[in-house]
Amino acid sequence: MGDSQGNNCPICQEWLEPTWKEGVQWRLTCCGVLMCAVCWKNWKKKRERVKAKLDKLQASRKLKAVKADFKPKKKEGQEDELVELEKEYNETHCRCPDCRANITWTPEGAAAQLRVNAEKGHSWAQRELGMFYERGRGVRRDARQAERWYRAAMTDMSLMDGGPQAARDLASMYATGNGVRKDVDEAKKLWMVAHKAGNLGALGNLSFFFMGGYGPAPGVPDNEKALKFTRQGAEGG
């Protein structure tokens, strides 16, 4: 199943393309929309400020509630400040700025949202769910499930943070023996798949592989190939 190649950030409207680099942008687990990393961080900070203000006001009201005659001050035609703040927090800061679904702030919640999208065939969700299983984030660590979802993502190589990144992640599992039998030759094949699909990070892995950094393998070391991939990486592919 093909995925959109990019979208406008729902906050700043800047056009975003999926990338293999982490930390450049944030993909929302509920709908898969990309957000600028800066916008995501600022949005989270604003949410935290509003939540702190809301908690403080709620605590203050609880203390004042002991007075039977206490009534919240408000101007005519205006809602109570606490009601307004609760509405702002719940409707603006707890919902996806694109699809309006409830934002999850726990690894378990994120894994549940990813599973829904992964089962629909979205490669970005399949790759990320594989990563969750590999690292034990929000789910029980399970290398078999990690490989299953990485390989599912690899059926669609059109989305850079989907199939290509999944191939690179799975290669790293085989290169290091992380939950699977170590197989540096299989790792090399997967890095080549990622590289041919445009994943620049795989070039560094291939260079290190041909230097013999991952251990013995047919045709290793090969300094000429190692230098070739190093140069390609420096030149941006």
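In this numbering scheme, every chain counts its residues from 1 along its sequence in written order. Side-chain atom pairs in this predicted model are given and counted only at pLDDT of 80 or more, local residue features only at pLDDT of at least 70, and totals for whole chains, interfaces and linings cover all residues. Side-chain calculation: all heavy atoms of the structure are included, whereas hydrogens and water are not.

**Student:** Is there a simple way to think about the overall build of the protein in this case?
**Tutor:** Each helix corresponds to a stretch of at least 4 residues labelled H or I by DSSP, and each strand to a stretch of at least 2 residues labelled E; elements are numbered beginning at the N terminus. Counting its regular elements, the protein contains nine helices and four strands. The order of α-helices and β-strands along the protein, N terminus first, is β-β-β-β-α-α-α-α-α-α-α-α-α. Taken over C-alpha atoms, the radius of gyration is set against a globule rule of 2.2 Å times the number of residues to the power 0.38. In summary, the protein has a C-alpha radius of gyration of 23 Å against a globular reference of 18 Å for 237 residues, an excess of more than 25%. With the C-alpha coordinates aligned to their principal axes, the bounding extent of the protein is approximately 85 × 35 × 30 Å. Looking at the 237 residues of the protein, the share that counts as buried comes to 44%. Any two residues having at least one pair of non-hydrogen atoms within 4.5 Å are treated as being in contact. Counted over contacts in the protein with a minimum sequence separation of 6, partners at least 24 positions apart contribute 51%. Exposure is judged per residue with a 1.4 Å probe applied to protein chains only, and the accessible area is read against the type maximum: over 50% gives exposed, under 20% gives buried, and values in between give partly exposed.

**Student:** Please clarify how helix α5 (residues 143-153) should be interpreted in this entry.
**Tutor:** Note that an α-helix has 3.6 residues per turn; residues three or four places apart therefore point the same way. Among the residues of α5, A143, A146, E147, W149, Y150 and A153 are the ones counted as buried. The secondary structure elements touched by the buried residues of α5 are α3 (107-119), α4 (123-135) and α6 (163-176). For this analysis, a polar contact is any N or O atom pair within 3.5 Å, provided that within protein one partner can donate a hydrogen and the other can accept it, and provided that sequence-adjacent residues contribute only side-chain to side-chain pairs. Capping the start of α5, D142 holds a side-chain oxygen 3.0 Å from the backbone nitrogen of R144, two or three residues further along.

**Student:** When you look at the confidence of the model for the protein in this model, what are you seeing that I'm missing?
**Tutor:** Confidence scores labelled pLDDT are given residue by residue by the predictor and lie between 0 and 100. In the predicted model, the protein carries a mean pLDDT of 91, and the fraction of residues at 70 or more is 92%. The least confident element of the protein is helix α2 (residues 81-93), whose mean pLDDT is 90; the most confident is α5, at 98.

**Student:** Please clarify how the nonpolar core should be interpreted in this entry.
**Tutor:** A general trend in soluble globular proteins is that nonpolar side chains are found buried together. What we call a nonpolar core is a set of buried Ala, Val, Leu, Ile, Met, Phe, Trp, Tyr and Cys residues that are connected through their side-chain atoms within 4.5 Å. Counting residues in hydrophobic clusters, the biggest one holds 41 residues, and the most contacted among them are F132, Y150, L170, M173, W191 and F209. Those elements giving two or more residues to this core turn out to be α3, α4, α5, α6, α7 (184-196), α8 (201-210) and α9 (223-234). In terms of residue count, α6 provides more of this core than any other element does, seven residues in total. Sequence-distant contacts of Y150, defined by excluding residues within four places in its chain, comprise Q126, R127, G130, M131, E134, A166, D169, L170 and M173. Core analysis: the next-biggest nonpolar cluster, separate from the first, contains 13 residues, C9, L16, L28 and V33 among them.

**Student:** How do you make sense of the pattern of salt bridges when you look at a structure like this?
**Tutor:** One side chain can pair with another of opposite charge once the charged atoms of both are near each other. In the sections that follow, a salt bridge refers to a side-chain nitrogen of Lys or Arg positioned within 4 Å of a carboxyl oxygen of Asp or Glu. Applying the stated criterion across every chain yields a total of 11 salt bridges. The closest approach of N and O atoms between K51 and D55, which form a salt bridge, is 2.8 Å. With K51 and D55 both in helix α1 (residues 37-64) and four residues apart, the pair spans about one turn of that helix. Classification of D55 as partly exposed rests on a relative accessible area of 35%. Taken together, the shared-partner salt bridges in this structure form one network comprising E147, R151 and E186.

**Student:** What exactly am I supposed to notice about the packing of α1 against α2 here?
**Tutor:** Two numbers describe a pair of packed helices, the interaxial angle and the distance between the axes. For the pair α1 and α2, the least separation of the axes is 10 Å and the interaxial angle reads 150 degrees. One finds that α1 runs roughly antiparallel with respect to α2. Pair α1 / α2 crosses with left-handed handedness. Residues W43, K46, R47, V50, K51, K53, L54, L57, Q58 and R61 of α1 touch α2, and the partners they reach there are E81, L82, L85, E86, E88, Y89, T92 and H93. Across the contact of α1 with α2, the residue classes tally to seven nonpolar, three polar and eight charged. A fitted line through C-alpha atoms serves as each axis, taken over the contacting stretch for helices, and the angle formed by two N-to-C directions is quoted from 0 to 180°. Throughout this description, any angle smaller than 35 degrees is read as roughly parallel, any larger than 145 degrees as roughly antiparallel, any in the 65 to 115 degree range as roughly perpendicular, and the remainder as oblique. Definitions for this section: a left-handed crossing has its near helix turned counterclockwise from the far helix by less than a right angle. A right-handed crossing has that turn clockwise. Classes in brief: Ala, Val, Leu, Ile, Met, Phe, Trp, Tyr, Cys and Pro nonpolar; Asp, Glu, Lys and Arg charged; the others, Gly included, polar.

**Student:** Teacher, can you tell me more about α4 here?
**Tutor:** In this analysis, the expected span of each helix is defined as 1.5 Å times one less than the number of residues it contains. An ideal rise of 1.5 Å per residue puts 18 Å on 13 residues; α4 measures up with 18 Å between its terminal C-alpha atoms. Burial of α4 is extensive: 12 of the 13 residues sit out of reach of the surface. S123, W124, A125, Q126, R127, E128, L129, G130, M131, F132, Y133 and E134 are the residues of α4 that are buried. Turning to α4, the residues buried within the fold contact β3 (25-27), α3, α5 and α6. G136 lies just past α4 and shows a positive phi near 70 degrees.

**Student:** Can you help me understand the side chain of E186 in this one?
**Tutor:** Within the secondary structure layout, E186 lies in helix α7. A distance of 3.3 Å separates a polar atom in the side chain of E186 from a polar atom in the side chain of R151. The contacts of E186, once residues within four sequence positions are left out, are R151 and Y174.

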